[in-house]
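An overview of the molecular structure
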4 protein chains.
Amino acid sequence: MIFASDNWAGAHPAISENLAAHAHGYVSAYGTSDLDRKVEKRLSEIFEKDIAVFFVATGTAANSLALASANRPGGVVFCHRAAHVNVDECGAPEFFSHGARLSPVDGELGKMDATRLEAEIRRFPPEFVHGGQPMAVTLTQATESGTVYSLAEIEAIASIAKSHRLPLHMDGARFANALVSLDVTPAEMTWKRGVDVLSFGGTKNGCWCAEALILFDLSQAHDMHFLRKRAAQLFSKSRFIAAQFEAYLAGDLWLDLARHANAMARRLAEGISASAESRLAWTPDANEVFVILKRSVAARLKQQGAVFHDWPVPHDLAGSLAEDEGLYRLVTSFATQAEDVDQFLDAC
Amino acid sequence: MIFASDNWAGAHPAISENLAAHAHGYVSAYGTSDLDRKVEKRLSEIFEKDIAVFFVATGTAANSLALASANRPGGVVFCHRAAHVNVDECGAPEFFSHGARLSPVDGELGKMDATRLEAEIRRFPPEFVHGGQPMAVTLTQATESGTVYSLAEIEAIASIAKSHRLPLHMDGARFANALVSLDVTPAEMTWKRGVDVLSFGGTKNGCWCAEALILFDLSQAHDMHFLRKRAAQLFSKSRFIAAQFEAYLAGDLWLDLARHANAMARRLAEGISASAESRLAWTPDANEVFVILKRSVAARLKQQGAVFHDWPVPHDLAGSLAEDEGLYRLVTSFATQAEDVDQFLDAC
Amino acid sequence: MIFASDNWAGAHPAISENLAAHAHGYVSAYGTSDLDRKVEKRLSEIFEKDIAVFFVATGTAANSLALASANRPGGVVFCHRAAHVNVDECGAPEFFSHGARLSPVDGELGKMDATRLEAEIRRFPPEFVHGGQPMAVTLTQATESGTVYSLAEIEAIASIAKSHRLPLHMDGARFANALVSLDVTPAEMTWKRGVDVLSFGGTKNGCWCAEALILFDLSQAHDMHFLRKRAAQLFSKSRFIAAQFEAYLAGDLWLDLARHANAMARRLAEGISASAESRLAWTPDANEVFVILKRSVAARLKQQGAVFHDWPVPHDLAGSLAEDEGLYRLVTSFATQAEDVDQFLDAC
Amino acid sequence: MIFASDNWAGAHPAISENLAAHAHGYVSAYGTSDLDRKVEKRLSEIFEKDIAVFFVATGTAANSLALASANRPGGVVFCHRAAHVNVDECGAPEFFSHGARLSPVDGELGKMDATRLEAEIRRFPPEFVHGGQPMAVTLTQATESGTVYSLAEIEAIASIAKSHRLPLHMDGARFANALVSLDVTPAEMTWKRGVDVLSFGGTKNGCWCAEALILFDLSQAHDMHFLRKRAAQLFSKSRFIAAQFEAYLAGDLWLDLARHANAMARRLAEGISASAESRLAWTPDANEVFVILKRSVAARLKQQGAVFHDWPVPHDLAGSLAEDEGLYRLVTSFATQAEDVDQFLDAC
C-alpha cells in the first residue's frame, strides 16, 4: 500500500535489462555515442519534428535549465502557485537563472487560470524597470494536482505567452501520464499548441534516472550545451541514460506504463467514490488521487502500512472539509498492483 | 585499442547486476532509503570517520559543490593550472560559487608546487579588498598527468592551506587509482593529511554514474543538503546510485578494478619504454600514460583503430620533443584487456 | 505641487556646500580617508554602539547587500508584500544573494503581521530541503504605506526572527522620518529592539546620494568589505559621500529635515481630512500621505500642475472606494513648502 | 607630492559649482530628467552617433555591466593580464556575468598582443563544451601601464574580436587622458575602430563620481536598463551625475583637465629622465609615470612626504632592475601642480 510517490518505485525490468545489455564495450563519452544519437532520433520521430535533446540528472535540472535559457535580467517567470518549480525545487530555478523571480498565478485544480495569467503578466509593464520584466511562462502537465490541461487550455496559455513574446515551458515530469490521459500525440500536446521547451521525464514512469530537456526551437541549442555543462549536468557515460530511454520508448513501453499507472489511479478513485467514509477531493486525470479522509482514518491506514502524504488544503477547497478531516495525496505508478489498491480500499 | 578515456568503458558486471537486483520494490526517495544509509555507513567505515556523503550526478558537480561550500565573496581558489576544475568544467566551479575565481598554480607533473602555492596565496593579502580573498585550495589525486601526490606532498599542500585557514579539497575522480598506487588507506590519503572535503569518484572506475561528495567536517553538512538540492543534483531514485556504490565497495571490488587499470597502464608504459620509436613523457603512477610519438606513428595507429587523445605539451617538456613528435595520452580502465595493450604495443 | 516622491527634490544647501568645501586637496581613496573615519565615528556615537558603516550608491544596494550577507543556499527572506525589496528593486535582492527568494507576508498598513510572519516562516521547516530554508527577515521603517512600526511592533517581529535564528534587517530609506515620528533614539529603534543590520538612507531626506549599510554585528564586517567591492559599490572618491553625511548629521540637520517633511505631510493630511471631496486612506505617520480622490478630481489636479502617483488599492481597502474613486500617494520632503501644500489643498 | 592615484584628488571647482547650481527644484527621478537627457544628447554629439548612456556608480560597475551584457554560459573574456577587471575588481566582472571567466592575455607595456589574443581565443574552440566559450574582448585605454593603444592597435584587436564575433569593450577609466594623448576624436578612438561598448570615466579626471556606460549598439539598451537596476546602480537623484557631466563636457573642460594631467606626467618624466639616480621604466603616454628608483631613494622620498605606490615588476622588465632598485608608479591628475612635480624632482 505504497502511494507516497511514483519515485518510490524502482526501475521497470525492461529498462534495467537494457542497461545491463549496454554495460559492455567502449563508446564515446559526454553524449556523443551512437546510442545517444539513436535515442535523439527516436524522440524526433515521436515528436514529429527536429528537436534538440539534452539528458540531465533530475527534473529540477530540466526545469531550471529551461528557464535559464530564457533568462533576462530582472526576469519574472509565471507559474501556478503550486507548481513544482515554485514549491519543491529549493530555489534551483532562481539559482540557474541568476535570480529570476517566480510569480505565482492562481487557478483551480492546479491549472493556471488564463485570465489571471494575463493580469499577472500585465503587472510588469515592459518599460517599468523597477518591477522587473516578464521572461517565461511555465505550466505543469500533468499538474501537481493530478489534473491534466486540455489541448484548448494549453493553447490559451500559449496564446497569452506569445502575445507577450514569452517562451512557454512545459514541466513534463509526468508527461506520459498526461499524454495517455488526453489520448493525443506528443506533438499535439506540445509544439503544435505553442510549447517551446519541454522537461520530458522518464524517472517517475519506470526509469532509474532519465530526464531530458527538449528544445523545439533549435536556435537555443548551442547555448544549452554550455548551460548544461556549466550546471554540471553533462554525464560522461551518458549511454546509461540513453539505454534507459531506448527501452522506455521501444514498443511504446512508456505509454503502456503510464496507462497502467493511470488505470490504478482510476481504480483507486472509483473505490474511494464508492466508499462511505472517504471521498475524492476532485476527479483525477492522471496518476495522482487526492482524497478527503477523516484524520482518524488516515492515521489508522498508516498504521496498517499504507504510505501516503498529507497535503495542504487549497484555499478554494477549505470550506468543504470538516474539522476532523484532512486532505491526502495517493500516487500510483507503473509498479502499482491492483491488489495493493484493493487492499487500501478495503482498509479505507 | 581504446585508450581515449576511462569514461568510454561501460559498467562492471557486478555493478550492473546489483542495479538490477535493486530494481524491484518501493523505497523512500531523495536519498533517505535504507540502502543510502547502508552505503554511507560503509563509506564511514572505509574512511575510519563519521563523514557526510552526498551523491551527485557528475564529478564536476562534486567539485563545484565542494568549492561552493567554501564560498566567500570575491573568493579565489588555488588549483594546478591543468586541473579539471580549471580547464574542463566550463565555468561550473565559478557558477556554483557565484563568480569565485580559479587562480592557477604551476608545478611539474601535474602537481601544485608548494612554494608556488604559498606565493600565489600571498598575492591576495586578506585585507586588500581589490584583489579578492583566498577561499580554498583544491588538488587532484590522481592528477590530470597520471601522477600521484605522495602523502608528504599532500601534507605540504594541506599545511599551507591550513596556515591561511583555507579548506583543502581533493578532486578524486581517480581516487581509487591513486590509493592503490600509494598503497595506503583512504583515511591516510585524506583527512589524516588535512583534506577537508573529497570528490569521491566511481564512474571512471567501473560504475555507470556514481559520484559522491564527502565532507570530513560535519558542520558543513546542513548547508550542503540545500546546496545540492538547489543545484538540481538530488536524485529522487537515489538508490540507483547507492546500489552502484554498494557493489563497488563490496569485497574491495573498487580497489581490484583500480589495481587492474593501473597494471594495464604499467604494462603499456613498460612496452613503450622498450620500444625503439616511442618513449614515455614521464613515468605514470596511475592509469594514464603520456607518450611521445612521431606524429606519423600516431596517425598510423589511429588508422589501425587505436583511439587516444593528442595532448598539449607542457612548458617544461617543450624542449624535449622533436619537430615531428607529439604528446599523446593513453588511459586504461577496469575494462582494458592485456591483449589490447599488447596489440597497441605491437603496432607502435 | 510636486508630491511625486522625496527623491524628486535635490540636495539641501548645507549638504551641497559641504561637498564644495571638501572638493579641494588630496585624501586617500576607497573609504580610507579621515573624513570617512570621522563620519563612521559620528554614526557610532549616534547609534550608541560600535558599528560598521559601508557607504553604497543606492538604497537598493544597501538592502541587497544586507540580504547577501545573510545568504544561505535555498534561502528565503520574509518581507511585507509591499516592501521595496519585493516590488521595486528589479530582482536585485535575488541577484545579490544568488537566487534567494522573497516570501511576502501580509499585514495592514504596510506592516508585517507578526502572527502571519510566524506562520510563513513555519512553512519552511529547517530540514525539508525541497522548500528552501529561512534566511532573514526584513522590515521597512517607515513603511511603503507611510506608516511607522512602533517599538513594540519591531520587537515582536525581532522576537520571531530570533526564535528562528534569523537576522533582522531594517530598510531605513526613510529612517529619519520614522525616527522623529516615534520620537525615540536611533539605538532604541534598531539594535535595542533586535535589528541586526540597517539600510540608513540619506538621499530621500536631503542628500544627493548618501546611503549607508550599518552592521550592528561586527563579525559580518570583514566579508561585507568584499561583498560591497564585488558588487561594484565601493566608491573611489568616497569622501563625496562622507561630506554629505557630515553635513547631514551635523547639528541634527537630518532630524530637522525629517521633522519638516513629516510636518508638511501632517498639514496635507489635515487639509485632506477637512475637505469635502477627498479623504485620507489612512492616517500618515511619516512623510507619505495616501488619499482617496474622485478620479476626475485627481485628473484635474494633475492638469493644474500637481504631480503625484496613482497607487494600487490594497485588498483590505478595496471595499471602501467608490467606482469613480482612486487611491493616490503624496510624498513630502525636506524641500516641500507650506505654500505648495496649501495650493494643493485649495485646488483639491 | 601626492602621486598615489588620480582618485586622491577631489572635484574640479566647475563641477562642484554646477552640482550646487542644480541642487534646487524638483526633477523627475531615476534618470528621466531633462538634465539627464541633455547630457545624453551632448555625449551623442561628442561621439557623432546615437548612443545609449547609462550612469553608474563606479568604473567597476561600468566594466562589469558591459561584460554582463555580453554574457554567455561558460563565457570567457579576454583581457590584458594587468587589466583592472582582472586584478582590481574583486571578482565583480565574474559576479555580474554569473561566473564568466577572465582569460589573461600578455603583451608589452600593458597592451594585449594581437597575436597572443588570437592564440588565446583559439584555445576555446566554439564547439568544445568543456572549456567554455569566448564571450568578449576588453581593452583598457589608457592602459594600467600609462600607455595608450594607437588607433591601429585598437583596430587590430577589434578585427580579431570581430572575426570571432565577439563584442569589444573599452575600459575608459582614463579615456580623456588617452584621447588627448592620441589627439583624435572620441568617435575615432571607439566605434570607428570597432569598439562596441565603452566605460566612460569622469571620476579620475575631476568629477566626484561620474561614470557612464556607453553602448554604441542600441539593440543592447533595453536589457541594460534592467541589468543596471538589478545591479543596484540606478541612482534616484541621477541629476547629481548629470550635473557633473554637464560641467565636465562644457567648453571641453574634460579635455583641458586631461591635457593638464598628461603635461604634468610629461614634466615628471622629463625630470626623471634627466636625473642621475632615477630612470623611467618606459615612456608614459598619459598620466601615469613608472619609474625605477633605488629603494633607499624611494624610502627617503616617502619620508619627505611624497605619496606613491610600489608596483609589481612585469616579467619583461625583471632583468633591467638592480638588486637594490624597485618599480614605482606616479599618477598625476587635473589637480597636480607644477610645483609639486618640481619639488618631487628636486628631492629625487
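Residues numbered from 1 in each chain as written. Chains lettered and ligands numbered in written order. Predicted model: local features only at pLDDT ≥ 70, side-chain atom pairs only at ≥ 80, totals over all residues. Heavy atoms only, no water.

Focus on the pattern of salt bridges
- The tally for this structure, following the rule as stated, stands at 76 salt bridges over all chains.
- Residue Glu246 of chain B pairs with Lys38 of chain B through a salt bridge whose shortest N-O separation is 2.4 Å. Highlighted residues: Glu246 of chain B in helix α11 (residues 239-249) and Lys38 of chain B in helix α2 (residues 34-46), separated in sequence by 208 residues.
- Overall, the relative accessible area of 17% leaves Glu246 of chain B in the buried class.
- Arg101 of chain D serves as the salt-bridge partner of Glu94 of chain B, at 2.7 Å between the closest nitrogen and oxygen. Note that Glu94 of chain B is positioned in helix α5 (residues 92-96) and Arg101 of chain D in strand β3 (residues 101-105), a pairing that runs across two chains. (Salt bridge = Lys/Arg side-chain N within 4 Å of Asp/Glu carboxyl O. Helix = DSSP H or I, 4+ residues; strand = E, 2+ residues; numbered from the N terminus. Buried < 20%, exposed > 50% of the residue type's maximum accessible area, 1.4 Å probe, protein only.)

Side note on the interface of chain B and chain D
- Each partner contributes to the interface: chain B provides 19 residues, whereas chain D provides 19 residues.
- Buried area between chain B and chain D, both sides added, is near 1300 Å², and the carbon and sulfur share of it is 42%.
- When the buried surface of chain B facing chain D is broken down by residue, Cys90, Arg101 and His130 of chain B rank first, second and third, together holding 39% of it.
- At the junction of chain B and chain D, the tally comes to two salt bridges.
- Where chain B touches chain D, the interface holds eight residue pairs in polar contact (both at pLDDT 80 or more).
- Residue assignment for the side of chain B that touches chain D shows that the elements contributing at least two residues are α4 (84-87), α5 and β3 (101-105) of chain B.
- In terms of residue count, the dominant contributor to the side of chain B that touches chain D is α4 of chain B (three residues).
- Residues belonging to the side of chain B that touches chain D are distributed by class as follows: seven nonpolar, eight polar and four charged. (Contact = heavy atoms within 4.5 Å. Buried area = accessible area lost by both parts, 1.4 Å probe. Polar contact = N/O pair within 3.5 Å; in protein donor to acceptor, adjacent residues only side chain to side chain. Nonpolar A, V, L, I, M, F, W, Y, C, P; charged D, E, K, R; others polar.)

Concerning the domain arrangement of chain A
Residues and elements named next belong to chain A.
- Taken as a whole, chain A is organised into domain 1 (12-251) and domain 2 (254-347).
- With 25 residues of domain 1 at the interface, the matching set in domain 2 holds 20 residues.
- The largest per-residue losses of area from domain 1 upon contact with domain 2 belong to Arg174, Asn177 and Val180, which jointly make up 25% of the total buried on that side.
- Counting the contacts that link domain 1 with domain 2 gives one salt bridge.
- Arg174 is the salt-bridge partner of Glu288, the closest N and O atoms lying 3.4 Å from each other.
- At the boundary of domain 1 with domain 2, the tally comes to 10 residue pairs in polar contact (both at pLDDT 80 or more).
- Elements that contribute at least two residues to the side of domain 1 that touches domain 2 include exactly α8 (175-182) and α11 (239-249).
- No other element matches α8, which puts six residues into the side of domain 1 that touches domain 2. (Domains from an automatic or database assignment.)

What about helix α8 (residues 175-182) of chain B?
Residues and elements named next belong to chain B.
- Most of α8 sits out of view: six of its eight residues are buried.
- Those residues of α8 lying buried are Phe175, Ala176, Asn177, Ala178, Leu179 and Val180.
- Taken together, the buried residues of α8 touch β5 (168-172), α9 (186-189), β6 (197-201), α11 and α12 (253-274).
- Directly after α8, the chain includes Asp183, whose backbone phi takes a positive value near 55°.

Quick word on the relation of the copies chain B and chain A
- Least-squares fitting of chain B to chain A yields an RMSD of 0.0 Å, with the superposition described by an axial translation of 0.0 Å and a rotation of 180°. Here the transformation between the copies is reduced to the relation of a two-fold axis. Minimal C-alpha separation from the rotation axis in chain B is found for Ala57 of chain B, amounting to 3.1 Å.
- By residue overlap, the copies meet face to face through one surface: 100% of the interface positions of chain B are interface positions in chain A. (Least-squares fit on C-alpha atoms with pLDDT ≥ 70 in both.)

Focus: the interface of chain B and chain A
- Counting residues at the interface gives 53 residues for chain B, matched by 53 residues for chain A.
- Together, the buried faces of chain B and chain A total about 4300 Å²; carbon and sulfur atoms form 64% of this surface.
- Broken down residue by residue, the surface that chain B buries against chain A is led by Tyr26, Trp208 and Lys237 of chain B, which jointly contribute 20%.
- In this assembly, chain B and chain A are joined by zero salt bridges.
- Counting only elements with at least two residues in the side of chain B that touches chain A, the list comes to α1 (13-21), α3 (59-68), α5, α10 (221-230) and α11 of chain B.
- The element best represented in the side of chain B that touches chain A is α1 of chain B, accounting for four residues.

Details of the packing of helix α1 (residues 13-21) of chain A against α11 of chain A
All names here are of chain A.
- The N-to-C vectors of α1 and α11 enclose an angle of 135°; their axes lie 8 Å apart at closest approach. As judged from the angle between their axes, α1 and α11 are oblique. Crossing hand, α1 versus α11: right-handed. Residue-level contacts link Ala14, Ile15, Asn18 and Leu19 of α1 to Phe240, Ala243, Gln244, Glu246, Ala247 and Tyr248 of α11.
- Considering only residue class, the contact of α1 with α11 consists of seven nonpolar, two polar and one charged. (Axes fitted to C-alpha atoms, helices over the stretch in contact; angles between N-to-C directions. Parallel < 35°, antiparallel > 145°, perpendicular 65-115°, else oblique. Left-handed = near helix turned anticlockwise from the far one by under 90°.)

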